[in-house]
Amino acid sequence: MRKYKNIVYIGGYTNDVSEYNRYSKGKGLAVYGIREDGDWDKIQELEDDNPCVLGFGKHKAVVYAANSPTKGKDVVGITCYEVQGDSTLKKSDRQLVLSFPVCNFAVHPDFSHITCVDFEGNIYLISLNEDGTLRRVEDQKQPSGKTGPLAGIQKCSRPHSVNISPAGQYIFLPDKGCDCVHIYRQEGEKLSDVLLTEYLRPASCPRHMAFHPDGKTVYVLNEFSNTIYGMKFDEKAMRLSTFQIVPTEPSDSVSLYAKAAEIEVDPKGRHLYASNRGHNSIVVYDIADSGKLQAHGWYSTGGEIPRFFAMDKQGKYIVCGNQKSHSISIFSIKADGGLELVSVKENINCPTWILLQNDNWEF
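Here the residue numbering is sequential within each chain, running from 1 through the sequence in written order. Local features in a predicted model are, by the rule used here, given only for residues with pLDDT of at least 70; side-chain atom pairs are given and counted only at 80 or more, and totals for whole chains, interfaces and linings are based on all residues. The side-chain numbers reported here are obtained from all heavy atoms of the structure, hydrogens and water having been left aside.

### A word on the overall build of the protein chain
Then, in step 1: Working definition: helices are DSSP H or I runs of at least four residues, strands are E runs of at least two. Numbering for both runs from the N terminus. Broken down by element type, the protein chain carries 0 helices and 30 strands.
Then, in step 2: A radius of gyration in this sense is built from C-alpha atoms; the matching globule rule multiplies 2.2 Å by the number of residues raised to 0.38. Computed over its C-alpha atoms, the radius of gyration of the protein chain comes to 19 Å, within 12% of the 21 Å expected for a compact globule of 363 residues.
Then, in step 3: Seen through its principal axes, the protein chain has C-alpha atoms that stretch 55 × 45 × 40 Å.
Then, in step 4: Counting every position in the protein chain, which comprises 363 residues, the buried fraction comes to 58%.
Then, in step 5: Pairs at least 24 apart in sequence give 47% of the contacts found in the protein chain among residues at least 6 apart.
Then, in step 6: Using a 1.4 Å probe, accessible areas were evaluated by the Shrake-Rupley method; residue-level cover was limited to the displayed protein chains. Accessible surface, the protein chain: about 15,300 Å² in total, of which carbon and sulfur atoms supply 46%.
Then, in step 7: Under the convention used here, Asp and Glu are negative, Lys and Arg are positive, and both His and the chain ends fall outside the count. One atom stands in for each charge, and that atom is NZ of Lys, CZ of Arg, CG of Asp or CD of Glu. Side chains of the protein chain carry 41 positive and 45 negative charges; the gap between the two charge centres is 1 Å. Each residue is assigned to one of three classes by its accessible area relative to the maximum for its type, calculated with a 1.4 Å probe on protein chains only: buried under 20%, partly exposed between the two thresholds, exposed over 50%. A contact between two residues is defined here by any heavy atoms of the two lying within 4.5 Å.

### What about the environment of Gln-357?
Then, in step 1: Considering the arrangement of structural elements, one finds Gln-357 in the segment after strand 30 (351-356).
Then, in step 2: Each C-alpha atom, one on Gln-357 and one on Asn-6, is 7.0 Å from the other, the two residues being 351 residues apart in sequence.
Then, in step 3: Apart from residues no more than four positions distant in its own chain, Gln-357 is found in contact with Ile-7, Tyr-9, Phe-56, Lys-60, Val-83 and Ser-87.
Then, in step 4: As used in this structure description, the phrase polar contact means that two N or O atoms lie within 3.5 Å; if the pair is within protein, one of them must be able to donate a hydrogen and the other to accept it, and residues adjacent in sequence are counted only when both atoms belong to side chains. A distance of 3.1 Å separates the side chain of Gln-357 from the side chain of Tyr-9, its partner in a polar contact.

### A short note on the sheet that holds strand 21 (residues 239-247)
Then, in step 1: Strand pairing follows a simple DSSP-based rule, namely that at least 2 bridges must link the two strands. Read from one edge to the other, the open sheet built from 4 strands follows the order 18-19-20-21, with strand pairing classed as antiparallel. Of all the strands in the sheet, the pair left with one neighbour each is strand 18 (206-211) and strand 21. Sheet twist, expressed as the mean angle between neighbouring strand axes with direction ignored, is 25°.
Then, in step 2: In this structure, strand 19 (residues 217-222) lies alongside strand 20 (residues 227-234), joined through 6 bridges in antiparallel fashion. The angle between two axes is taken between their N-to-C directions and runs from 0 to 180 degrees, where each axis is a line fitted to C-alpha atoms and a helix contributes only its stretch in contact.

### Some details on the pairing of strand 5 (residues 62-67)
Then, in step 1: Among the 6 residues that make up strand 5, 6 are buried, leaving the element largely enclosed by the rest of the structure.
Then, in step 2: A two-sided burial pattern is seen for strand 5, the buried positions comprising Val-62, Tyr-64 and Ala-66 on one face and Val-63, Ala-65 and Asn-67 on the other.
Then, in step 3: Bridge analysis of strand 4 (residues 51-56) against strand 5 gives 5 bridges, and the strand direction is antiparallel. Counterpart to Pro-51 in the pairing with strand 5 is Asn-67.
Then, in step 4: The antiparallel hairpin formed by strand 4 and strand 5 contains 5 residues in its connecting segment, where His-59 sits at a positive phi of about 60°.

### Points about the environment of Ile-282
Then, in step 1: Mapped onto the secondary structure, Ile-282 falls in strand 24 (residues 281-287).
Then, in step 2: The residues touching Ile-282, leaving out its near neighbours within four places in the chain, are Tyr-273, Ala-274, Ser-275, Gly-297, Trp-298, Tyr-299, Thr-301, Phe-309, Ile-318, Cys-320, Phe-331 and Leu-339.

### Observations regarding the sheet that holds strand 26 (residues 306-311)
Then, in step 1: With respect to topology, 4 strands assemble into an open sheet ordered 26-27-28-29, the strand pairing being antiparallel. Single-partner strands in this sheet number two, and they are strand 26 and strand 29 (339-346). Neighbour-to-neighbour, the strand axes of the sheet open up by a mean angle of 20°, direction not taken into account.
Then, in step 2: As paired strands, strand 26 and strand 27 (residues 317-322) are joined by 5 bridges and run antiparallel to one another. Bridging across to strand 27, Phe-309 finds its partner in Cys-320.

Written out as structure tokens, the structure is:
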């Protein structure tokens, strides 16, 4: 196989469900190589059912994929792939089947465990083998709380993402079903009882969140209210205190479909980025020393339904997946935090998650 300057792993939906249109397309997990001239080659596509969330294991030797519900298929949960010398993937012989499809997961900083959440509100602590393969479920919890007012969406407690604090002590779970954020702690091979449940405004549907590098400031993205909560985390008092609420869309937006999706803070903690499905944009906020946000601008993604984006480790580029238009938009991050669209790559099947193998990106 030819040598590529960058490798990208992309997961997405492979079939639709009756509840909503996933804009599914393709076979499963795809591997792309980026050539010196910037063109993309699809070097592999593995058949897998709705591999919608991806993550690396230790030394990037394995890739984990969380499988969303698939009509007529048995539950998988999380699939583990071994990364080969040419960056292609091989399904590991050692797998772990859970009770329900997995919504989201996070790999712990020491690469010894994965915490994941399923679509029924269960939280799993999974131990990993030394080679990164899945070992076993060590503990399982299910948070409780008052569900929100959106009957069709908020039927039960349903954490929508897993976020490990920068130092690795705490597990933050934005709960889309109960309009709150839960905090747990790993204690050996167990999860603690819930340490804190902090409620947000009803019908907010908290989805994803991002930590500021200071470890004390967190930003929670709310899918249905299209807002970002700026919050301070007091570890000693075990408290989350809201200091600001800002919109993800501009005040003149008239999108009939509007759902905030992804959020990220740049490595230096100077700017925050969030994607808007419907408005089809990425909003940029400048971050003050106090943690407060000031709108910098909104930037079109050049495609429809930007469900997820990835930022390189140096904070120089954003690679955004446009789920409905089956395309990838590449932005360079300017010195002031604003975005400049570099290119749009078409015919990328339903990109809902993106993993960048290279820490240093150049286009």
